[in-house]
Amino acid sequence: MTPSVSENKMPVPCHIAIIMDGNGRWAKKRGLPRSAGHAAGAESFRKIANYCRTLGVKYLTVYAFSTENWKRSQEEIGGIMRLLGTYLNEAIRDMEKNRVRFRFFGDLTRLSPQLQKLCIEAQNRSKDYDVQVNFCLNYGGRDELVRAARGFAQDVKDGRYAPEDLTEDLLAGYLYSADVPDPELIIRPSGELRTSNFLLWQSAYSEYVFMDILWPDFGPEDLDRAIAEYHRRNRRFGGA
Ligand code: IPE
Ligand code: IPE
Ligand code: MG
């Protein structure tokens, strides 16, 4: 058997991001409704978040719902939102035990007031913990950049900055990910080879690992494989 990353003592990336994709296809293959795929996907997330913690990954960013996912049926969206509510209630209940810090990337104002309240509670009550899960909810990379541009424009209007003050670092501070280092590794299961509007700014030098496995089937051994693949890459950052 191949030794796992933890047995190998291979250094783990500080920040791993995952596009949790393939729930619908997983359900279809089993003749189940799409909601069953999302429920199975939520289980995968629980397992992987725990595994990341045992590995010592400091930041885990997961794409849970995009700004484009509102195009889906009311029934599917309602099911996803209910699952999220259940998950957040549990996370808040088990907060002391898990000691995970929650942050949400995305425009939460489009979520139900109850769900917004849960997000804020999870975020506030976990703010002193170290290991951080960034939950991307109603998140879009382009939307994030538009908001950052608006934020800076407002600060110029208010006299805090001049246009020429804008630098890459300053702009990054207006993003949802302010203070979070860029992900070294971005994993997309499901076989699709695209970013689907995920972390457009932050992924400039991330290593992508695309995997032919559906998210509900994704387990710790698959994360090990992705990290092993990451270690085989030669990161040059534009150098020779
Ligand atoms: C990812 O799985 C979950 C969300 C986008 C909310 P999908 O629901 O996109 O699953 P596929 O891609 O249809 O298989
Ligand atoms: C990306 O998956 C969004 C999430 C996983 C939350 P999609 O299933 O929405 O992406 P496309 O439609 O295949 O590009
Ligand atoms: Mg999909």
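Residues numbered from 1 in each chain as written. Chains lettered and ligands numbered in written order. Predicted model: local features only at pLDDT ≥ 70, side-chain atom pairs only at ≥ 80, totals over all residues. Heavy atoms only, no water.

1. Considerations on the site of ligand 2
Here is step 1: As a matter of local geometry, ligand 2 sits amid Ile19, Met20, Asp21, Tyr63, Ala64, Phe65, Asn69, Arg72, Arg188, Arg194 and Ser196.
Here is step 2: Within the side chain of aspartate 21, a nitrogen or oxygen atom sits 3.2 Å from an oxygen atom of ligand 2.
Here is step 3: The separation between an oxygen atom of ligand 2 and a polar side-chain atom of serine 196 is 2.6 Å.
Here is step 4: Within the complex, 78% of the 390 Å² of free accessible area of ligand 2 lies under protein.
Here is step 5: Of the residues assigned to the shell around ligand 2, the class counts are five nonpolar, two polar and four charged. (Near = heavy atom within 4 Å. Polar contact = N/O pair within 3.5 Å; in protein donor to acceptor, adjacent residues only side chain to side chain. Areas by Shrake-Rupley, 256 points an atom, 1.4 Å probe, with all protein chains shown as cover. Nonpolar A, V, L, I, M, F, W, Y, C, P; charged D, E, K, R; others polar.)

2. Section: the packing of helix α3 (residues 34–55) against helix α4 (residues 74–93)
Here is step 1: Direction vectors running N to C along α3 and α4 enclose 30 degrees, while the axes themselves pass 10 Å from each other. Relative to α4, α3 is oriented roughly parallel. Considering only the axes of α3 and α4, their crossing is right-handed. The residues of α4 that touch α3, namely those facing Arg34, His38, Ala39, Ala42, Phe45 and Arg46, are Glu76, Ile80, Leu83, Tyr87 and Glu90.
Here is step 2: In terms of residue class, the contact of α3 with α4 is made up of six nonpolar, one polar and four charged. (Axes fitted to C-alpha atoms, helices over the stretch in contact; angles between N-to-C directions. Helix = DSSP H or I, 4+ residues; strand = E, 2+ residues; numbered from the N terminus. Parallel < 35°, antiparallel > 145°, perpendicular 65-115°, else oblique. Left-handed = near helix turned anticlockwise from the far one by under 90°. Contact = heavy atoms within 4.5 Å.)

3. Describing the side chain of threonine 61
Here is step 1: With respect to the helices and strands, the residue threonine 61 is situated in strand β2 (residues 59–66).
Here is step 2: The residues contacting threonine 61, other than those within four sequence positions of it, are His15, Ile16, Ala17, Ile18, Phe105, Asn134, Cys136, Phe198 and Leu199.

The quantities given are spatial measurements derived from coordinates; they are silent on function.
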